[in-house]
Amino acid sequence: MSRQHQCELCDRTVDEVTKHHLIPRTRHANKVNKKRFDRREVKERVAFLCLPCHKQIHALLSEKELERRYNTLELLAAHPDIVKFIDWLRDKPPGFRTTTRNAR
C-alpha cells in the first residue's frame with residue numbers, strides 16, 4: 001500500500017507530492033532576494049504540492065513573480081487563476097494528470 005500525502009494548495013489526498021520552493025531556487029542569488037529574505041528562510045520556505053498544482057503555478061507565474069509577489073502559500077492560494085484551477089481540480093481523483101499550457 002502506498003503512502004498518501006496531502007497537497008498543501010488544493011488539499012487533495014494524492015499518492016505523490018513534489019517540493020515547491022516558494023522562493024524559486026533560480027532566484028536565490030538575486031540581490032533583491034538577498035536583501036528581502038534570510039538565507040535559511042530562502043532554502044526552507046517550501047510547500048508540498050501535487051503535480052497538477054505545481055505545474056499550474058509554473059505555467060502561470062514567472063520565477064520573478066513567484067519570488068516577489070507569490071512567495072507564500074497564502075499568496076499563491078489567493079491568485080485568481082490559481083483559485084479557479086483549484087476549484088476545478090478539487091474533485092479529481094488522486095492520480096489525475098493535467099495538460100498544462102504556459103499562460104505567460
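A. Seen up close, the pattern of salt bridges. Throughout the structure, instances matching the rule amount to two salt bridges. A salt bridge links Lys-92 to Asp-91, with the nearest nitrogen and oxygen atoms 3.3 Å apart. Owing to a relative accessible area of 62%, Asp-91 belongs among the exposed residues under this scheme.

B. Geometry of the environment of Leu-89. Within the element layout of this structure, Leu-89 appears in helix H6 (residues 80–89). On the basis of relative accessible area, Leu-89 is assigned to the buried category, the value being 0%. Sequence spacing of Leu-89 and Cys-10 is 79 residues, and the spatial spacing of their C-alpha atoms is 7.6 Å. Setting aside its immediate chain neighbours within four residues, Leu-89 contacts Cys-10, Arg-12, Cys-50, Pro-52, Cys-53 and Phe-96.

C. The packing of aromatic side chains, seen in detail. Considering all chains together, one arrives at one aromatic pair under this definition. Here the basic side chain of Lys-92 rests over the ring of Trp-88, its NZ or CZ set 4.4 Å away from the ring centre.

Rules of the game
- Residues numbered from 1 in each chain as written.
- Predicted model: local features only at pLDDT ≥ 70, side-chain atom pairs only at ≥ 80, totals over all residues.
- Heavy atoms only, no water.
- Salt bridge = Lys/Arg side-chain N within 4 Å of Asp/Glu carboxyl O.
- Buried < 20%, exposed > 50% of the residue type's maximum accessible area, 1.4 Å probe, protein only.
- Helix = DSSP H or I, 4+ residues; strand = E, 2+ residues; numbered from the N terminus.
- Contact = heavy atoms within 4.5 Å.
- Phe/Tyr/Trp six-rings, centres within 6.5 Å; stacked < 30°, edge-to-face > 60°.
- Lys NZ or Arg CZ within 6 Å of the ring centre and 35° of its normal.

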